[in-house]
Amino acid sequence: MNRFRGFVKETSRYLQYVFNGHTAIAILFLISAGAYYYQQLLSDLPADFPSVWIIAIFFSLVVTYSPVHTLLKEADVMFLLPAEQKMQRYFFNAIVFSYLMQLYLVILTLAVFAPLYQATFGTYKGYWFSAVILLLLKAWNLMANWWMLKIRDKNSRMADFICRFVLQFALFYFFINGLAIFAGITTVLLFVVFLYAYYLSSRQKSIAWDVLVAKDHTRMRSFYRLVSMFTDVPHLKSVVKKRHWLVNLLISSLSFHTKNTYKYLYRITLVRSADYLGIYVRLVLIGMLAIFYIPQQGIAVVIGLLFIYLTAIQLMTLWHHHRTVLWIDLYPISLAFRQQAVLSLLQQLLLVQTALFVGVFILQQNFSGAVIMAAGGILWIILLIRGYIKKKLL
């Protein structure tokens, strides 16, 4: 119970940072825009739109991905191993906890695809039966996943995952289309897969503690990486990538001069850190896709400006990246050079992002939108860099 309380306290504290402030407004705007265009799509839904395929794929993904959160720590491998036979109650509670914690994803999926189902079939009647099956299969998949976690072979676990996904996709596809016989046959095959997973598990004499700890560590690291986009996360250990060719590309234009010291430092930090470059690339690509698929020019430009803002907010944390490195404070260089290096790098990255957004408008032969995006983007970058971010770096 203490471990559960600690987990809830830690995650809730970090989630407050995620859903507070400017980022929450941006997320709300994106959700509102997505809901608007989703409604537009449903109002003009083509007759050959693959609604059943889409619903079946997402339903099967939601039920197949059912991780068991055991909340185990590395030290448990040593200290709890002798008490393994007395841990049955704890692991049962972990499975129940995992099911309840993942219900939000099930409910969210049902809510998102309910309008699509109604627009396709004109009723919600069969959809609620699918919802019941979704909830039942979620529980069964959690048990199957727990059984397979006792198997150390990664290939066996992956084969089980793929097999369950394919069969559950077929089950939802047949059920939604009203093909009861095929749905029944698929259910029997799926039950056989579950039994085989249980059989493999029963042959293992002990729990694969290291696998359980590694899985929980990976999930928490993913959570910390998400939160690190919004605030500093002490638990997240930094990972350094070499990326020699990209480093050479960015620093080749810098002359060997004192004023370029921090420019060199922050450019290689951007490239070699496992966080910043990935965040930048993802926001650029998602922004380009959003602009490409939004037909209204004005909203597309606003979306572009929004992604420029999100990129600036996420990358301004570069300023704090070396806060624990004391050697930097010993540099005989003015702090103004450090501030200018960060501001200059952010400005260059945002200008590249703006140019790529303009390129999307040009690709669509929307030249007026390209001009507005270019002018608006440059003005927005100046306001962000000189008006907001510069004050934050003082």
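Just so it is clear, the structure is predicted and the values come from calculations on it, not from any experiment.

## What about the overall build of the protein chain?
Per the secondary structure count, the protein chain includes 16 helices and zero strands. Looking at the protein chain residue by residue over its 394 residues, the buried ones come to 42%. Of all intrachain contacts in the protein chain linking residues separated by at least 6 positions in sequence, the fraction that spans at least 24 positions is 80%.

## Some thoughts on unusual backbone geometry
Despite not being glycine, Gln365 shows a phi value in the positive range, around 60°. Inspection of the secondary structure assignment puts Gln365 in the loop between α15 (335-363) and α16 (367-392). Residue Gln365 is classed as exposed on the basis of its relative accessible area of 64%.

## Re the nonpolar core
If you look at the biggest cluster of nonpolar residues, it comprises 48 residues, and the most contacted ones within it are Phe59, Phe91 and Trp146. Of all the elements in the fold, those that place two or more residues in this core are α3 (51-64), α5 (88-101), α6 (103-121), α7 (125-148), α8 (154-176), α9 (180-202) and α10 (209-227). Ranked by the residues each element gives to this core, the list is headed by α7, at nine residues. In this view, Phe91 contacts Thr70, Leu72, Trp146, Ile207, Trp209 and Leu212; residues no more than four positions away in its chain are not counted.

## Comments concerning the packing of α7 against α8
With their axes 12 Å apart at the nearest point, α7 and α8 run at an angle of 170° to one another. Here α7 lies roughly antiparallel to α8, going by the angle between them. Here Gly126, Phe129, Ser130, Ile133, Leu134, Leu137, Asn141, Ala144, Asn145 and Met148 of α7 come into contact with α8, specifically with Ser156, Arg157, Asp160, Arg164, Gln168, Leu171, Phe172, Phe175 and Ile176.

## Brief notes about the confidence of the model for the protein chain
Averaged over all residues, the pLDDT of the protein chain equals 79, while 79% of them reach at least 70. Per-element mean pLDDT across the protein chain ranges from 60 in helix α11 (residues 244-251) up to 90 in α3.

## Some thoughts on the side chain of Asn145
For Asn145, the position within the fold is in helix α7. For Asn145, the residues in contact, after removing those within four places along its chain, are Ser66, Pro67, Val68 and Arg164.

## Considering the packing of aromatic side chains
Enumeration according to the criterion identifies 18 aromatic pairs in this entry. Between Phe59 and Tyr127, the ring centres sit 6.0 Å apart and the planes meet at 50°, which makes this aromatic pair tilted. Of this pair, Phe59 sits in helix α3 while Tyr127 sits in helix α7, and the two are 68 residues apart along the sequence. By the burial criterion, Phe59 is buried, and Tyr127 matches it.

## Quick notes on α8
Helix length check: α8 (23 residues) gives 33 Å between terminal C-alpha atoms against 33 Å at 1.5 Å per residue, within 8%. Phi for Gly178, located one or two positions after α8, is positive at around 80°.

## Quick notes on the side chain of Arg164
The residue Arg164 is located in helix α8 in this model. The exposure class of Arg164 is buried, given its relative accessible area of 1%. With near-sequence residues (within four places) excluded, Arg164 lies in contact with Thr64, Asn141, Ala144, Asn145, Leu190, Val193 and Phe194.

Reading the values: rules and limits
Residues numbered from 1 in each chain as written. Predicted model: local features only at pLDDT ≥ 70, side-chain atom pairs only at ≥ 80, totals over all residues. Heavy atoms only, no water. Helix = DSSP H or I, 4+ residues; strand = E, 2+ residues; numbered from the N terminus. Buried < 20%, exposed > 50% of the residue type's maximum accessible area, 1.4 Å probe, protein only. Contact = heavy atoms within 4.5 Å. Core = buried A, V, L, I, M, F, W, Y, C linked by side-chain atoms within 4.5 Å. Axes fitted to C-alpha atoms, helices over the stretch in contact; angles between N-to-C directions. Parallel < 35°, antiparallel > 145°, perpendicular 65-115°, else oblique. pLDDT = per-residue confidence, 0-100. Phe/Tyr/Trp six-rings, centres within 6.5 Å; stacked < 30°, edge-to-face > 60°. Expected span 1.5 Å × (residues − 1).

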